[in-house]
Structure formats: structure tokens, C-alpha cells
Amino acid sequence: HNGSGPTIIHTLRDALGSFSIWTHLSGMLTNWVQMLDLFFLGAFQFSARTVGLYAAAAKLAGFSLAVPMALSNLFSIWIGRRFESPEHNEIEQSKLKKLSMWLVFGLGFQTLIFIVIAPYLITFLSHGRWSVEEKSSIFVWLCWLLVGNALLSAPYLLGSWLTVRGKV
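Residues numbered from 1 in each chain as written. Predicted model: local features only at pLDDT ≥ 70, side-chain atom pairs only at ≥ 80, totals over all residues. Heavy atoms only, no water.

Participant: Explanation requested: the environment of Gln 34 in the structure shown.
Facilitator: When you line up the elements, Gln 34 lands in helix H2 (residues 19-34). Judged by relative accessible area, Gln 34 falls into the partly exposed class, the value being 29%. C-alpha of Gln 34 to C-alpha of Val 140: the two residues are 106 residues apart in sequence and 18 Å apart in space. (Helix = DSSP H or I, 4+ residues; strand = E, 2+ residues; numbered from the N terminus. Buried < 20%, exposed > 50% of the residue type's maximum accessible area, 1.4 Å probe, protein only.)

Below is the structure:
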């Protein structure tokens with residue numbers, strides 16, 4: 001410490017008391033929990049091929065999180081640029097409800113679109129290496145994962161609002 005800035009203790013206290021460290025840890029925990037399915041497939045000694053095929057389905061399903069995450073980030077920016085006041089709070093909560101309804105509708109539509117194109121995408125990605133049974137398994141897993149991702153991302157806007165306006 002050279003006297004020109006805050007002390008190390010002050011910096012650490014601010015970091016531990018602010019949302020940044022807790023938001024980061026929450027994201028790490030969320031990612032860890034999301035990968036538990038692959039952990040348990042390995043722990044229960046499924047074949048490496050089965051785990052690989054499931055991982056392919058999981059990777060494909062991960063693309064369904066791109067749009068809701070992008071919309072959530074845009075919503076966070078919109079909220080962050082606004083002043084916190086009772087009248088703004090009312091407007092934000094009204095927008096939050098309306099946009100969340102649209103997000104849920106969009107997630108349902110997106111999930112259906114992914115399910116419709118999934119067989120063609122799986123066939124394209126297999127390059128002839130996966131059997132019909134394996135492609136069928138991937139499709140079933142993918143459908144479940146897509147529904148799970150839709151449920152997971154449905155409250156993204158609420159989470160964004162809480163992160164900016166709440167006390168994380």
C-alpha cells in the first residue's frame with residue numbers, strides 16, 4: 001500500500017460485501033450443478049460412448065440458452081441505466097412481468113423449433129458414425145434438455161432485475 005488508494009483490507013471488504021463476488025460464486029455453482037448429469041453418468045459407469053453421445057446432446061441443448069441470456073443482458077443494461085425510484089420501480093416491474101411473459105412464450109416457441117430441426121441436425125452432425133438407435137437416444141435426451149433449459153432460463157429477466165435492484 002503506497003497511500004494513494006484504498007487499503008487491501010478495504011478493497012477486500014468491498015469485494016466480499018458487494019454483489020460481484022457473490023454473483024461470480026453463484027454462476028460457478030450454477031455451472032457446476034448443470035454439469036452434474038455428466039458426473040453421475042460417469043459415476044454410475046455408463047460407457048464412454050453413451051456419455052459422449054449424451055454430452056453431444058447437452059452441447060446442442062446449450063445453444064438454446066443463447067437468446068434468453070442475450071435478452072437478459074440487454075434487460076440488465078436497460079435497468080442499470082435507469083434511476084432507482086418508486087415511479088421507475090413500478091414501470092420496471094410492469095415491464096418485467098410483460099417481458100417475462102414474452103420470454104416464456106418465446107422459449108416455448110424456440111424449444112419447438114429446436115425439436116423440429118433436431119433430427120436433421122443430429123443426422124448432419126453424426127457424419128454416419130451414430131446408429132439409428134444412438135441418434136434416437138440423442139434426440140430423446142435433447143428434448144428433455146431443451147425443456148429443462150427453457151425452464152432454467154424462464155426467470156432470467158427476474159434474476160437480472162434482482163441483481164441490479166436487489167441485494168445479492
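This is not the end of the story, as more comes after the structure.
Participant: How should I be thinking about helix H6 (residues 86-126) in this particular structure?
Facilitator: Counting along an α-helix, one turn takes 3.6 residues, and residues three or four places apart therefore face a common direction. Within H6, the axis deviates most sharply at Ala 118, by approximately 45°, and proline Pro 119 lies no more than four positions further along. Every buried residue of H6 is accounted for by Glu 92, Leu 96, Ser 100, Leu 103, Leu 107, Gln 110, Thr 111, Ala 118, Ile 122 and Ser 126. Against helix H4 (48-62), helix H5 (66-80), helix H7 (132-153) and helix H8 (156-165) lie the buried residues of H6. Just downstream of H6 lies His 127, where phi reads positive at about 50°. (Bend = angle between axes of the 7 residues up to and from the residue. Contact = heavy atoms within 4.5 Å.)

Participant: Can you help me understand the side chain of Gln 110 in this one?
Facilitator: Counting through the fold element by element, Gln 110 comes out in helix H6. On the accessibility criterion, Gln 110 (15% relative accessible area) is buried. With residues up to four places along the chain from it excluded, the contact list for Gln 110 reads Ser 64, Val 67 and Pro 68.

Participant: Just to check I follow, could you spell out the pattern of salt bridges for this structure?
Facilitator: Two side chains that carry opposite charge are able to pair once their charged atoms sit near each other. Within this structure, the stated rule accounts for three salt bridges. The residue Glu 134 makes a salt bridge to Arg 49 at a minimum N-O spacing of 2.6 Å. Here the residue Glu 134 occupies a position in helix H7, and Arg 49 occupies one in helix H4, the gap between them amounting to 85 residues. When its relative accessible area of 43% is taken as the criterion, Arg 49 is described as partly exposed. We note a salt bridge from Arg 82 to Glu 92, for which the minimum N-O separation is 3.3 Å. Residue Arg 82 is located in the loop between H5 and H6, and its partner Glu 92 is located in helix H6; the two are separated by ten residues in the primary sequence. Given a relative accessible area of 1%, Glu 92 falls into the buried group. (Salt bridge = Lys/Arg side-chain N within 4 Å of Asp/Glu carboxyl O.)

Participant: What is the right way to look at the nonpolar core in this model?
Facilitator: Soluble globular proteins: nonpolar side chains tend toward being buried together. Core analysis: the biggest nonpolar cluster contains 13 residues, and Ala 57, Ala 61, Ile 122, Trp 130, Ile 138, Leu 142 and Leu 145 have the highest contact counts within it. Looking at this core, the elements with two or more residues in it are H4, H6 and H7. In terms of residues, this core owes the most to one element, H4, which gives five residues. Not counting residues within four places of it along the chain, the set of residues in contact with Trp 130 comprises Arg 49, Leu 53, Ala 56, Ile 122, Leu 125, Lys 135 and Ile 138. Ile 79, Leu 107, Leu 157 and Trp 161 belong to the second largest nonpolar core, which has eight residues in total. (Core = buried A, V, L, I, M, F, W, Y, C linked by side-chain atoms within 4.5 Å.)

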